[in-house]
Every structure is written in structure tokens, then in C-alpha cells.
Amino acid sequence: MNPQQLSSDSFKSAIPAVWPICLGYFPIGLALGVLAQQAAIPWWAMALMSVLVFAGSAQFICVAMIVAGSSLWAMIGTTFIVNLRHVLMSSALAVYLHGVRRSFLALFSYGITDESFAVNMARFRAGNWTLFQALIVNHLANSVWILATVSGVLIGQLVPAGAFGIDYALVGMFICLLVFQLHGRLYVITALIAATVAVLWAWLIPGDSYIVGAAVCAATCGYLLQKRRGKS
Amino acid sequence: MSAAEYLFLFIGMGLVTYLPRALPLLYLSHKKMPQGLIDWLGYIPVAVLGALLAPILFIDTTIAAITFGKLEFLVAIPTLIFAVKTRSLGGTVLVGMFFYWLAGIFL
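Let me begin by describing the structure that accompanies this report. Just so you know, these numbers come straight off a predicted model, no measurement behind them. (Residues numbered from 1 in each chain as written. Chains lettered and ligands numbered in written order. Predicted model: local features only at pLDDT ≥ 70, side-chain atom pairs only at ≥ 80, totals over all residues.)

### Looking at the packing of helix 9 (residues 169-180) of chain A against helix 5 (residues 89-106) of chain B
- Where helix 9 of chain A meets helix 5 of chain B, the closest approach of the two axes is 8 Å, and the angle between their N-to-C directions is 135 degrees. The angle between helix 9 of chain A and helix 5 of chain B falls in the class oblique. Two packed elements cross with a definite hand, and for helix 9 of chain A against helix 5 of chain B that hand is right-handed. Between helix 9 of chain A and helix 5 of chain B, the contacting residues are Ala169(A), Val171(A), Gly172(A), Met173(A), Ile175(A) and Cys176(A) on the first element and Leu89(B), Thr92(B), Val93(B), Gly96(B) and Met97(B) on the second. (Axes fitted to C-alpha atoms, helices over the stretch in contact; angles between N-to-C directions. Helix = DSSP H or I, 4+ residues; strand = E, 2+ residues; numbered from the N terminus. Parallel < 35°, antiparallel > 145°, perpendicular 65-115°, else oblique. Left-handed = near helix turned anticlockwise from the far one by under 90°. Contact = placed C-beta atoms within 7 Å.)

### Side note on the interface of chain A and chain B
- Each partner contributes residues to the interface: chain A has 78 residues there, and chain B has 60 residues.
- Of the residues that constitute the side of chain A that touches chain B, the class distribution is 60 nonpolar, 16 polar and 2 charged. (Nonpolar A, V, L, I, M, F, W, Y, C, P; charged D, E, K, R; others polar.)

### Description of helix 3 (residues 44-58) of chain B
- Spanning 15 residues, helix 3 of chain B covers 21 Å between terminal C-alpha atoms, matching the ideal 21 Å at 1.5 Å per step.
- Helix 3 of chain B sits mainly inside the fold: 14 of its 15 residues count as buried. (Expected span 1.5 Å × (residues − 1). Buried ≥ 20, exposed ≤ 12 C-beta atoms within 10 Å, placed from the backbone.)

### Here's the deal with the nonpolar core
- Ranked by internal contacts, the top residues of the largest apolar core, which has 123 residues, are Ala194(A), Ala198(A), Ala215(A) and Ala51(B).
- When residues of this core are assigned to their parent elements, the largest contribution, 14 residues, is made by helix 1 (residues 8-38) of chain A.
- Residue contributions to this core reach at least three from each of two domains, namely domain 1 (9-181) and domain 2 (182-232) of chain A.
- Those residues within four positions of Ala51(B) in sequence are excluded, and the remaining contacts are Ala194(A), Ala198(A), Tyr210(A), Ile211(A), Ala214(A) and Ala215(A). (Core = buried A, V, L, I, M, F, W, Y, C linked by C-beta atoms within 7 Å. Domains from an automatic or database assignment.)

Pasting the structure below:
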């Protein structure tokens, strides 16, 4: 890998990929900060948490558990379960990051979230997406997240909730990223299976296990259908 | 909680968040992956996105029921059409927000 790739050009060209994530993170980060402030969590603890953890849903659950007076080990255990889904994403990224230096990957992994994963995978698959652009996407999204969560603690209550439909930003982003992933009939079928299994699973089983459960089921169906089609 | 407790908690949470993100990538990126695994992983992004999105659109958490009448789902229809037609990520986000805001006013 060549250090010149880390130029202002790669920075600028990463912006169109990352601003939708930032737009989506801001209201969620603010909302998290407001909850933390109501739970008497100081701003510096929020900043520390967003730097060390950087995982939206786990952070929301953690704040709720602090309010409920849970033990520290229970919070760490819950975080582990909630974030296990990233094993799948990290593995899928390995296909495109094959043979890349481990020091780079160690830095890059820190920023693997649902959103950065989906954006970077779509770009990697489309081609001409460099490692540094992917890294910039991860770290800009993280910076905005830290800023938003800390702002939420300090000034969050001054911001009207749900202004300008901003609560829909991440949903809109997931919809478009899903469209980017529909490369053919088998992918459409896989998406429909994932959606159906996830809805039933989430309805029947409390918690976040539906994400990993439905994704593994659906990917396996897609793969088996592909193999069957290959043979016939 | 004291500062030391916060530090302990967040370091612990950070570790269990970071390791599942880092270990598969660090391991698999330096191994020859079997073609079957590569093919299977190729379906992971679409499967993860379908699994993340669908419950938001179809599960009403206030009454714990599956429904086709959620505002999130109704807004998703024009948003999806826009995404298919334009393939613009930023545009789709803005259009989705606009319809959601509009729907919140009129519905």
C-alpha cells in the first residue's frame, strides 16, 4: 500500500459516501446524549464511552442499564451479545481486504458499524474504492458520533425531537444500501428471506439476536440456491 | 458511578465490541479462504441489511405486533422507488426524511 493514497483527494472523495451516515448519526447521538444527561452521566463519561465503545445500540442499552442499576459485568456481557453481529461483517470485509497489513486492519476494525460496513461493501464491490477512503468513512462517522453524543449531554434538550423527519435518515440509508446490494434475483430472494425471518424472529424472541439469526439463515439460503443453480 | 467505575465499564465494553470487529478480519484476511466461504459471505451484506431494516418497517413496538400500516413502511415505498431510480444514497436519505416529515404532518 502506498502512503500517497492518503491524500486530500481521497479525503474529498470519501465525503459523498460518508455524509449520509453522519446525517443519520447526529439525531441518534443527540438522543443518546439526552438520555445520558437524564441518567446523570457526565459529558466526559459520554465522550469516553463513544471513543472506547462506538456502538450505538449497545450504548443505548448501557445507559438504560445504568439507570436500572445493573452490574458492570451484566452491561459488558450484554454489549458483547449485541455486538456479536459484527463478526459477520468483519468476515465479509475480509474478502475485499485480503492480504492488507494487520496494523491497518487493526485500526480499520475499530470503525466497523452496520452503516460503515454497508457503505464500504457497496463501494468495494463497485471497484475503485481505496483502503484509505474506507478508513476515512469509518473515522469521520466515529468523529460525528462522538460530537453528537457529547452535544446531546450538553445541549440536547434545546433541540426539538424529530425535527425535519431526521429520525428517518438511517432508515432511508438502509433502504438505499439494500438496493445497492441487489445484484440479481438470488440477492432479492435472500433479502426477502432475511426480512421475513427477521420480522418473525424479532416478534417472537426479545433482544437483538434476530439480526445475526436472520442474516445467517438468509445468506445460507442464498448460497445453497446459488450452488443448486450452478449444478443444474 | 465513580470515574474509575466508568473507566472500567467502558474499557470492558470497548474490548467486547472491538474484538468481534477485529479478529475475523485479522484472521481471514491472511488466510486462503475457501471459495464456498467467499460465496456465502457475498450474501451477508444483503442479508444483514434485510434483517436490520424489516423489523423497523413491520414491527410496531408499542403493541408488539406485526403490521403493514407503520408510517416507516408507508414512507419506505416512495423512498425505495427513488433509490431504485436514482441510485443516490444522499438523495434517498433526504427524500425519505422529507416524506417522513410530510407524513408526520398529514397522517
